[in-house]
2 protein chains.
Amino acid sequence: MKILLTNDDGIFSDGLKCLYNQLKNIGKIYVIVPEIEKSATSHSINLFSPIRIKKIEINGISSFIVNGTPVDCVKIGIKKIIKEKIDMVVSGINPGPNLGMDILYSGTVSAASEGAILGIPSISVSIADYKNFKFDSASIITVKIIEKLKKVKFPKDTILNINIPNKNLEEIKGIKITFQSESRFSEEYEKRIDPRGNIYFWLKGTFKEKTKDKGSDVEAIKNGYVSITPIHLKLTDYSFFKKLKKIKFEKIEF
Amino acid sequence: MKILLTNDDGIFSDGLKCLYNQLKNIGKIYVIVPEIEKSATSHSINLFSPIRIKKIEINGISSFIVNGTPVDCVKIGIKKIIKEKIDMVVSGINPGPNLGMDILYSGTVSAASEGAILGIPSISVSIADYKNFKFDSASIITVKIIEKLKKVKFPKDTILNINIPNKNLEEIKGIKITFQSESRFSEEYEKRIDPRGNIYFWLKGTFKEKTKDKGSDVEAIKNGYVSITPIHLKLTDYSFFKKLKKIKFEKIEF
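Now for a description of the structure that goes with this document.

Conventions and cut-offs
Residues numbered from 1 in each chain as written. Chains lettered and ligands numbered in written order. Predicted model: local features only at pLDDT ≥ 70, side-chain atom pairs only at ≥ 80, totals over all residues. Heavy atoms only, no water. Helix = DSSP H or I, 4+ residues; strand = E, 2+ residues; numbered from the N terminus. Rg over C-alpha atoms; globule rule 2.2 N^0.38 Å. Buried < 20%, exposed > 50% of the residue type's maximum accessible area, 1.4 Å probe, protein only. Contact = heavy atoms within 4.5 Å. Arc of directions from axis to C-beta. Polar contact = N/O pair within 3.5 Å; in protein donor to acceptor, adjacent residues only side chain to side chain.

Notes on the overall build of chain A
Working step 1: Counting secondary structure elements, chain A contains six helices and 11 strands.
Working step 2: A compact globule built from 254 residues would reach a C-alpha radius of gyration of about 18 Å, and chain A, at 20 Å, matches this within 12%.
Working step 3: With the C-alpha coordinates aligned to their principal axes, the bounding extent of chain A is approximately 65 × 55 × 40 Å.
Working step 4: Each of the 254 residues in chain A was classed as buried or not, and the buried ones make up 58%.
Working step 5: For chain A, contacts bridging at least 24 residues in sequence account for 75% of all contacts bridging at least 6.

Spelled out as structure tokens, the structure:
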């Protein structure tokens, strides 16, 4: 297999290193990552400054670093850097969950989405916890899933968003195909005063689980399973579409 | 009405000024915008540096400027700045289309999406052209649509993405409720050399229309109509979900 591997945490991230070390056993890996950490950049792209690419070798991994976002990395990776057909875009492993409505903010999920937009089967991988990340175990699981996905035809503009419990391999209960929960962070801003007397704010929050969430990504993780959620980028709300059709917008006179 | 008005082009944008001048006739308007232009920032948020808010008055508009993205503006606007219940989040007017698959990259659409995530009826407004923007005409149309929407119950996590032809009021043919086209920009990177001999790249592209696109946002604009597309943030691909269920992932042994 030929794989473009990216990671929104940049070249120094453990999630990248561990996953690379497993992936190199199954194919040729192109590592293309942002020059600096770019978490929570969602699907943003660099339109107003020039993109530069550096080829480097670090910790034995030959990599390209790009002064842009995770989406820029995938876009310029496919369009310019890699000269052959790629079989898969893999984004991760992210240290932290990408579950429920919070995937909208995720650079990890968006990098995979860009792969899908460019017509390549793409997955995003995250460990659904906040510390002491078991990247080795998650990397082994990711490779096993990729092997299984080799024969699967991905629909247009659809990715698989994978979340892995932060456990040792033998403690993982199995894999569930899930839907995206409506759960999300409940956020607030903490007010502080800097040493010069100026007010500033930090965003903080706690993840609020929906109670009725059977079969969701959030539930699978809670029960110790790997969650695989098919996520697509066709966003029309057809049920609201039908309701809106009944409102006589054509009667508005300009 | 009480409206949070934002704009990813920041405080100096004509689209903001023209829309403000129309909106102030129908309610109390809170202007909350990024400190600097933040196009193509999608749903990114500022997690790693503190958020600061400045209250300023410029061109007779009392505004809050935030050192973050359009999504940060809406989030801190609702959570911290505004002390009363808001009836609508309005994001725009953007000088440039937000159509088809390209809405994923849009700061304008994402700011509205954040409003929906926070439970407020939200719309994004763009002029679907690239120059000589007729913001006055588009602002009048936006206000008429908002008046009509007052009685409409927005579903959870759903926005209306509005694109307006760049025409004088009397040339607009009417309003269409549309679906999101699968059309998108076809992009490439232009290679250049800077004065110091270093290579850099600019992203460029042209919008590629799908031929069979009847009833879409792209088609409505092409035919001279205002396009209103209901866009939701529930991203599960249920058809792929069913296919994946048939693959025996549970047989993978760790």
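Description of helix α6 (residues 238-246) of chain A
Working step 1: Along α6(A), the residues classified as buried are Phe240(A), Phe241(A) and Leu244(A). Viewed along the axis of α6(A), the buried residues span an arc of 105°, placing them on a single side of the element. Within α6(A), the exposed residues directed more than 90 degrees away from the buried face are Lys242(A), Lys243(A) and Lys246(A).
Working step 2: In this structure, the buried side of α6(A) is in contact with β7 (158-164), β8 (174-177) and β11 (225-232) of chain B.
Working step 3: Here α6(A) starts with a cap whose side-chain oxygen sits 3.2 Å from the backbone nitrogen of Ser239(A), and that cap is Asp237(A).

Details of the side chain of Ser124(A)
All names here are of chain A.
Working step 1: Locating Ser-124 in the fold gives a position in strand β6 (residues 122-127).
Working step 2: Assessed through its relative accessible area of 0%, Ser-124 is described here as buried.
Working step 3: Here Asn-161 takes part through its side chain, which lies 2.8 Å from a polar atom of the side chain of Ser-124.

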